[in-house]
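Fold and contact review
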Amino acid sequence: NIAIIPNWITNFSNLERLDLSYNKIFAVPDLFGMPSLSEIDLQENEIAHFPWSLLEKPKLRILVLKNNPFILSEGERHFLKNYNDTESTQLNLVF
């Protein structure tokens, strides 16, 4: 089990799928150096805060975040509750 995603992971700029589920990760680094990512699976970790700007990655289609101890503001809760109901999104957020 890993607790930290190493910063050098962004060296894999052609990586399309990142599965780090079922670990002890508590923080997610800036993954904007990975433009090809279409799927990120971080379920079952220890993530309390998430860089929601990752939702803007143009190629990202699947983001799995369920079963993390998120600390969310009321606005974030409302946004996430309604996110998949937005017709304009091409991203499936599993939260």
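Residues numbered from 1 in each chain as written. Predicted model: local features only at pLDDT ≥ 70, side-chain atom pairs only at ≥ 80, totals over all residues. Heavy atoms only, no water.

1. A closer look at the overall build of the chain
A tally of regular secondary structure across the chain gives one helix and four strands. Helices and strands in the chain line up, N terminus first, as β-β-β-α-β. Here the C-alpha radius of gyration of the chain, 13 Å, is about what a compact globule of 95 residues would show, namely 12 Å. Principal-axis analysis of the C-alpha atoms places the extent of the chain at approximately 35 × 25 × 15 Å. Among the 95 residues that make up the chain, the fraction classed as buried is 40%. Put simply, of all contacts in the chain between residues at least 6 apart along the chain, 25% involve residues at least 24 apart. Counting only carbon and sulfur atoms, one obtains 51% of the accessible surface of the chain, whose full area is about 5,800 Å². Distance between charge centroids for the chain: 2 Å, based on 8 positive and 12 negative side chains. (Helix = DSSP H or I, 4+ residues; strand = E, 2+ residues; numbered from the N terminus. Rg over C-alpha atoms; globule rule 2.2 N^0.38 Å. Buried < 20%, exposed > 50% of the residue type's maximum accessible area, 1.4 Å probe, protein only. Contact = heavy atoms within 4.5 Å. Areas by Shrake-Rupley, 256 points an atom, 1.4 Å probe, with all protein chains shown as cover. Lys, Arg positive; Asp, Glu negative; His and termini not counted. Charge placed at Lys NZ, Arg CZ, Asp CG, Glu CD.)

2. As for the pattern of salt bridges
Tallied over the entire structure, the rule returns three salt bridges. Between Arg17 and Asp19 there is a salt bridge, with the nearest N and O atoms lying 3.6 Å from each other. Exposure remark for Arg17: the relative accessible area of 45% places this residue in the partly exposed category. Across the salt bridge formed by Arg77 and Glu74, the nearest N and O atoms sit 3.1 Å from each other. Of this pair, Arg77 and Glu74 both sit in helix 1 (residues 74-83), three residues apart, which is roughly one turn of the helix. We classify Glu74 as exposed; its relative accessible area is 61%. Among the charged side chains, a network of salt bridges with common partners joins Arg17, Asp19 and Glu39. (Salt bridge = Lys/Arg side-chain N within 4 Å of Asp/Glu carboxyl O.)

3. Quick notes on the packing of aromatic side chains
In total, this model carries five aromatic pairs according to the counting rule given. Look at Trp8 and Phe12: their rings are 6.2 Å apart centre to centre, the planes differ by 65 degrees, and that puts the pair in the edge-to-face class. Given the relative accessible area of 53%, Trp8 is considered exposed. Residue Phe12 is classed as partly exposed on the basis of its relative accessible area of 45%. Aromatic side chains Phe50 and Trp52 sit 4.9 Å apart centroid to centroid with 55 degrees between the ring planes, which places their arrangement in the tilted category. In this structure, Phe50 and Trp52 share a single accessibility class: buried. Taken together, the aromatic side chains of Phe50, Trp52, Phe70 and Phe95 make up a single cluster linked through ring pairs. (Phe/Tyr/Trp six-rings, centres within 6.5 Å; stacked < 30°, edge-to-face > 60°.)

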